[in-house]
Amino acid sequence: MPDFPYINARVRAMRSRLLSAAQLEELLATPSLAAFQHALAATPYGDDLQQAQTRYQGVRAVDEALARNLQRTTRKILEFADGLPQVLITVLLLRWDLANLRAVARGKHAGRSPDDIAEALMPAGTLGEAVLREMVASPDMSGIVGTLEALNHPFTAAMAEALAAYGEARDLAALELRLDRAYAEVGLGRTAGLGADARVLRWVLQTEIDVTNIKTALRLAAVGNLDEERRLALFIPGGSVLSPELFLELSALATQARTWRVVRAAGFPIGDTPTDLVAFERRIDLALTRAMVRRYTHGDPLGLDIVMGYLTMKSVEVANIRLIARAKLLNLPRERARAEMVLV
């Protein structure tokens, strides 16, 4: 049965195919989208780009190539694994399934076109590119449930409940809350009592839960005038730092500063109380991404850490390349594109 040392040896070989900082700078320095594609063709994405260009042009061809490459990478790692490693890697991949389901729901809620919604997707999870495109193409959100059900996906029931909550009121926040809770319940449930590697994954899950709860608490405090019952209904259990009581205190302006100090003292990397919520959310997401990347070099070399760090680096690389492609399409300055990139 393949174990993590076997899997990690192969993942380390795949790591050598990630682009260097110099290669990303070369892509940034290209003067046009055509020049960018020419430069990208000389990277490990070249074969996928060549195939994509037989069907699509421009940014659409780049997106297709990156999606194909990322999905193949994910599938290859899963094929390496069996038994417990496969269980843990599959749970890890659910974080991208959650992000993609959110992106599809948000796009459909806003009435965006299928092509526009597809731009926000990252086929790094268990839901492949073809499945995601099927969801995007469905005329309404009910098609998402049918697709998940056909795959026996662990988020199926939660998505059905989320759509019921969405209802005629078109409450997107209620829909996303149910998906977030499903991710927490499935992830923590499937990793309970499975040893050291599972504890690493549970750390990620619990940190993500805390991040979501902190973001929600800050938004609630900014809105104000909500009673404790209504605020507590938005709390997601399972985090390691934020209890229901701390969540309530953090979501009220009168007690927020004191609670912020408590959360910082617990070791959570949140800095000073934010005045710009958008900038704070980007900063805290980046801190979590960097922490996951560091697992590749500072984690257990014989455990899940190598896979976790590599997959995070790979998904960040794909997101950055997509961003550069759009910057070239819009003729944006290099520094502006660099400022939007996730640098880990």
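Residues numbered from 1 in each chain as written. Predicted model: local features only at pLDDT ≥ 70, side-chain atom pairs only at ≥ 80, totals over all residues. Heavy atoms only, no water.

Novice: Could you give me a rundown of the overall build of the protein, with the residues and numbers involved?
Specialist: Of the regular secondary structure elements, the protein holds 18 helices and zero strands. For 344 residues, the compact-globule formula gives about 20 Å, and the C-alpha radius of gyration of the protein, at 21 Å, lands near that figure. The buried share of the protein, reckoned over its 344 residues, is 50%. Within the protein, contacts between residues separated by at least 24 positions form 65% of all contacts whose residues are at least 6 apart in sequence. Here the protein displays about 16100 Å² of accessible surface, and carbon together with sulfur accounts for 53% of that area. Of the side-chain charges in the protein, 41 are positive and 40 negative, and the distance between the mean point of each set is 4 Å. (Helix = DSSP H or I, 4+ residues; strand = E, 2+ residues; numbered from the N terminus. Rg over C-alpha atoms; globule rule 2.2 N^0.38 Å. Buried < 20%, exposed > 50% of the residue type's maximum accessible area, 1.4 Å probe, protein only. Contact = heavy atoms within 4.5 Å. Areas by Shrake-Rupley, 256 points an atom, 1.4 Å probe, with all protein chains shown as cover. Lys, Arg positive; Asp, Glu negative; His and termini not counted. Charge placed at Lys NZ, Arg CZ, Asp CG, Glu CD.)

Novice: Any chance you could break down the environment of glutamate 129 for me, citing the residues and the numbers?
Specialist: Considering the arrangement of structural elements, one finds glutamate 129 in helix H8 (residues 129-137). Accessibility expressed as a relative area gives 13% for glutamate 129, which makes it buried. Filtering out sequence-adjacent residues up to four positions away, glutamate 129 remains in contact with Glu64, Ala67, Arg68, Gln71 and Pro123.

Novice: Please provide a residue-by-residue account of the side chain of asparagine 100, values included.
Specialist: Along the chain, asparagine 100 turns up in helix H6 (residues 83-109). The exposure class assigned to asparagine 100 is buried, which follows from its relative accessible area of 1%. Those residues in contact with asparagine 100 that sit more than four places away from it in its chain are Leu121, Met122, Pro123 and Leu132.

Novice: Residues and numbers for unusual backbone geometry, please.
Specialist: Phi is positive for arginine 170, which is not a glycine, with a value near 55°. Considering the arrangement of structural elements, one finds arginine 170 in the loop between helix H10 (156-166) and helix H11 (172-191). Taking relative accessible area as the criterion, arginine 170 reaches 42% and is therefore assigned partly exposed. The backbone phi angle of asparagine 225 is positive, close to 65°, even though this residue is not glycine. Along the polypeptide, asparagine 225 turns up in the loop between helix H12 (196-223) and helix H13 (228-232).

Novice: Lay out the packing of aromatic side chains with the relevant residues and their values.
Specialist: Scanning all chains against the criterion turns up two aromatic pairs. Sitting over the ring of tyrosine 6, arginine 10 keeps its end group 3.7 Å from the ring centre. Between the NZ or CZ atom of arginine 295 and the centre of the ring of tryptophan 203, over which it lies, the distance is 4.5 Å. (Phe/Tyr/Trp six-rings, centres within 6.5 Å; stacked < 30°, edge-to-face > 60°. Lys NZ or Arg CZ within 6 Å of the ring centre and 35° of its normal.)

Novice: Give a description of the pattern of salt bridges that names residues and reports values.
Specialist: Tallied over the entire structure, the rule returns 19 salt bridges. Notably, a salt bridge pairs arginine 68 with glutamate 64, separated by 3.6 Å at the nearest N-O pair. Taken as a pair, arginine 68 and glutamate 64 lie in helix H5 (residues 58-80) at a separation of four residues, close to a single helical turn. Since its relative accessible area comes to 4%, glutamate 64 is described here as buried. Arginine 102 is the partner of aspartate 180 in a salt bridge, and the nearest nitrogen-oxygen pair spans 2.6 Å. A residue pair is termed long-range when its members are at least 10 positions apart, and aspartate 180 in helix H11 and arginine 102 in helix H6 qualify at 78 residues. Looking at aspartate 180, the relative accessible area reads 11%, which means it is buried. Residues joined in a network through salt bridges with shared partners are Arg55, Glu64, Arg68, Glu129 and Arg133. (Salt bridge = Lys/Arg side-chain N within 4 Å of Asp/Glu carboxyl O.)

Novice: Give a description of the packing of helix H1 (residues 4-15) against H5 that names residues and reports values.
Specialist: In a pair of packed helices, the angle between the axes and the distance between the axes together describe the arrangement. Contact geometry for H1 and H5: axes closest at 9 Å, N-to-C directions at 155°. Taken as axis vectors, H1 and H5 run roughly antiparallel relative to one another. As for the relative orientation of H1 and H5, their crossing is right-handed in sense. From H1, Tyr6, Ile7, Arg10, Val11 and Met14 reach across to H5, where they touch Thr73, Lys76, Ile77 and Phe80. Across the contact of H1 with H5, the residue classes tally to six nonpolar, one polar and two charged. (Axes fitted to C-alpha atoms, helices over the stretch in contact; angles between N-to-C directions. Parallel < 35°, antiparallel > 145°, perpendicular 65-115°, else oblique. Left-handed = near helix turned anticlockwise from the far one by under 90°. Nonpolar A, V, L, I, M, F, W, Y, C, P; charged D, E, K, R; others polar.)

Novice: I'd love a proper account of the nonpolar core, names of residues and values included.
Specialist: In this structure, Leu27, Phe36, Ile89, Met135, Leu175, Val307 and Ile321 are the most contacted members of the largest nonpolar core, which totals 92 residues. Broken down by element, this core gets its largest block of residues, 12 residues, from H6. Residues within four places of leucine 27 in sequence aside, it is in contact with Leu19, Phe36, Ala39, Leu40, Ile321, Ile324 and Lys328. Val211, Ala217, Trp260 and Phe280 belong to the second largest nonpolar core, which has 17 residues in total. (Core = buried A, V, L, I, M, F, W, Y, C linked by side-chain atoms within 4.5 Å.)

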